[in-house]
Amino acid sequence: MHTTRPARNVRALPIGAVAALAAVALGAGPVAAPASAATESSAATTTTAATAAAATSASVDGCRLPAAVDGLGSGFPLDEQALPATGTLKAAMLFVDFEDHPAPAGSLGEAEANLAPGVEYLEQVSGGRLDVTTTASDGWVRMPEPSTAYPFERGLTYEDHVRYIGDAVAAADATYDFSDVDVVWVSATREAPNITYSPTTNFLDVTADGNHLTHAVTFGYDQWRWGGLVLAHETGHTLGLPDLYLFEAPPEDPGNWHAAAGGWDLMGLISGQGPEFLGWHRWQLGWLDDDQVVCADPGRTTTARLNPVARSADAPSWQDAMVVYPLSETRVVVVENRRPVGYDEGIAAGGALVYTVDTSVRSGHGPVRVVDSTPGSADGLDDAPFAPGTSWTEPTTGAVLSFHAGPGDTSRVTIKP
Ligand SMILES: [Zn+2]
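We now turn to the structure provided with this report. (Residues numbered from 1 in each chain as written. Predicted model: local features only at pLDDT ≥ 70, side-chain atom pairs only at ≥ 80, totals over all residues. Heavy atoms only, no water.)

The subject of this paragraph is helix α3 (residues 158-172). The first and last C-alpha atoms of α3 sit 21 Å apart over 15 residues, in line with the 21 Å expected at 1.5 Å per residue. With 11 of its 15 residues buried, α3 lies for the most part within the structure. Of the positions making up α3, those classed as buried are Tyr158, Asp160, His161, Val162, Tyr164, Ile165, Gly166, Asp167, Ala168, Val169 and Ala172. (Helix = DSSP H or I, 4+ residues; strand = E, 2+ residues; numbered from the N terminus. Expected span 1.5 Å × (residues − 1). Buried < 20%, exposed > 50% of the residue type's maximum accessible area, 1.4 Å probe, protein only.)

Okay, the coordination of the zinc ion next. Every protein donor of the zinc ion is accounted for by His233 (NE2), His237 (NE2) and Asp243 (OD), and the metal-donor separations fall at 2.0 to 2.1 Å. The sequence motif formed by the donor residues of the zinc ion is H-x3-H-x5-D. Of this pair, His233 and His237 both sit in helix α5 (residues 229-238), four residues apart, which is roughly one turn of that helix. One exposure class covers both His233 and His237, and it is buried. (Donors = N, O, S within 2.8 Å, 3.2 Å for Na, K, Ca; no water.)

Counted according to the given criterion, the structure contains 11 salt bridges. The residue Arg338 makes a salt bridge to Asp344 at a minimum N-O spacing of 2.6 Å. Residue classification places Asp344 among the buried residues on the basis of a relative accessible area of 0%. Taken together, the shared-partner salt bridges in this structure form one network comprising Glu336, Arg338 and Asp344. (Salt bridge = Lys/Arg side-chain N within 4 Å of Asp/Glu carboxyl O.)

So, about the pairing of strand β2 (residues 87-97). Counting buried positions over the 11 residues of β2 gives eight, a clear majority of the element. Examined bridge by bridge, β2 and strand β3 (residues 130-136) share seven bridges and lie parallel to one another. When the sheet's bridge partners are listed, Leu89 is paired in β3 with Val132. Following the chain from β2 across helix α2 (residues 108-125) to the adjacent parallel β3, one finds a crossover that is right-handed. Sheet analysis places β2 next to strand β5 (residues 183-188), joined by six bridges and oriented parallel. Looking at β5, one finds that Met93 is bridged to Trp185. (Pairing = 2+ DSSP bridges. Right-handed = clockwise from strand over helix to strand, strands pointing away.)

Right, let's talk about the packing of α2 against α5 for a bit. As a packed pair, α2 and α5 sit with axes 6 Å apart at the nearest point and diverge in direction by 50°. When the axes of α2 and α5 are compared, the pair comes out oblique. On the side of α2, the interface is formed by Leu115, Pro117, Gly118, Val119, Tyr121 and Leu122, while α5 contributes Leu229, Val230, Leu231, Ala232 and Thr235. Counted by class, the contact of α2 with α5 contains nine nonpolar, two polar and no charged residues. (Axes fitted to C-alpha atoms, helices over the stretch in contact; angles between N-to-C directions. Parallel < 35°, antiparallel > 145°, perpendicular 65-115°, else oblique. Contact = heavy atoms within 4.5 Å. Nonpolar A, V, L, I, M, F, W, Y, C, P; charged D, E, K, R; others polar.)

Looking now at the environment of Val169. Along the chain, the position of Val169 falls in helix α3. Of the residues examined, Val169 reaches a relative accessible area of 2% and is grouped as buried. For Val169 and Val184, which are 15 residues apart along the polypeptide, the C-alpha to C-alpha distance reads 8.2 Å. Not counting residues up to four positions away in its chain, the partners in contact with Val169 are Leu94, Phe178, Val184, Val206, Ala208 and Leu213.

If you look at the biggest cluster of nonpolar residues, it comprises 61 residues, and the most contacted ones within it are Trp185, Phe277, Trp280, Trp283, Trp287, Met322 and Tyr355. With seven residues, the top contributor of residues to this core is α2. Each of two domains, domain 1 (23-44 + 86-238) and domain 2 (46-79 + 241-417), supplies a minimum of three residues to this core. Setting aside its immediate chain neighbours within four residues, Met322 contacts Gly279, Trp280, Trp283, Leu288, Gln292, Val293, Val294, Leu306, Val334, Val335, Glu336 and Tyr355. Listed in part, the 31 residues of the second largest apolar core include Leu94, Phe152, Leu156 and Ala208. (Core = buried A, V, L, I, M, F, W, Y, C linked by side-chain atoms within 4.5 Å. Domains from an automatic or database assignment.)

Just geometry here; none of it tells us what the structure is for.
Here it is in structure tokens:
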């Protein structure tokens with residue numbers, strides 16, 4: 001269950017601020033972005049994620065919606081401050097402890113093992129397109145301040161977070177080479193529960209060994225509840241993806257921060273039943289080829305045969321992974337096939353998962369909304385996929401989407417305008 005508190009305050013930034021939504025947090029709320037916009041020079045030295053999606057085929061142009069918000073979002077390209085989602089990601093993993101909470105002898109292995117599945121996830125779900133190279137600190141690194149000097153429990157600001165990561169980098173620097181590091185991961189000893197949660201910043205602004213470090217994640221005490229997939233979720237932010245859980249639950253459904261996307265994407269509920277990445281997120285990241293995307297012409301009938309999205313990384317590029325039906329310049333309907341394979345192995349009801357993507361909606365405000373085939377059911381969105389023989393009428397266009405079983409565990413979708 002997701003029990004952390006969502007954000008209540010997102011600091012508004014000046015129009016044009018490149019730092020908008022730069023710093024994001026899991027659960028307890030966004031870490032405030034730098035108050036002074038455009039102070040970062042890192043954008044100039046960071047390869048943009050846009051290059052991963054440079055090869056646009058004409059057939060998907062109408063479905064590859066341009067980004068409509070600054071910062072983390074659901075459009076193309078990903079935020080300019082995102083790290084590339086393909087190629088090698090070089091991560092520094094610093095295990096830290098404190099004078100008031102020293103790590104017990106022999107506890108390093110447990111800490112390493114807890115987060116390692118997150119790296120496995122990224123390499124598996126990307127089909128190896130993202131190669132994560134992790135170099136850990138040589139044992140526990142003692143932080144210069146007691147754990148209580150870092151106000152995780154009192155609303156961590158951007159400045160607090162940079163100080164925390166900067167202290168960890170400085171403490172490790174004598175024995176660690178940061179010269180080619182892309183992202184700094186700082187994992188606190190399990191003995192320090194007041195390092196409560198796991199925020200990410202894409203605007204670190206710390207220099208070590210001549211390298212201007214721009215991206216960092218703190219792994220706090222909640223890593224022991226989430227397990228290693230929290231590393232993959234936070235890396236999703238490093239790569240530019242938004243949060244799909246709601247920072248504020250809907251008034252008509254108080255407490256349900258997962259009313260928009262349920263447990264159907266790792267950027268929503270980390271402990272959800274289907275923590276694969278949505279096909280849309282894979283496409284944004286460059287982990288799906290354009291050939292695997294069927295872009296529907298709104299004026300014609302479209303059919304597609306969809307393979308399970310969890311297998312899309314290993315599938316030949318001519319096999320369809322999702323069908324996209326454009327509704328407007330900022331909205332599309334997406335259909336993908338979810339089956340109990342890969343990280344989806346725990347899903348209760350496979351079938352055709354239908355969702356809308358709105359590129360004008362910010363992280364944490366519901367940029368992705370799953371269509372529930374069984375509204376009002378006790379299982380919430382867990383039984384959202386459409387079974388063979390059912391259909392759904394898109395309310396704004398009247399288009400009818402019909403779902404059928406295909407060969408094997410494929411799903412056939414027909415869209416009639
Ligand atoms: Zn998040």
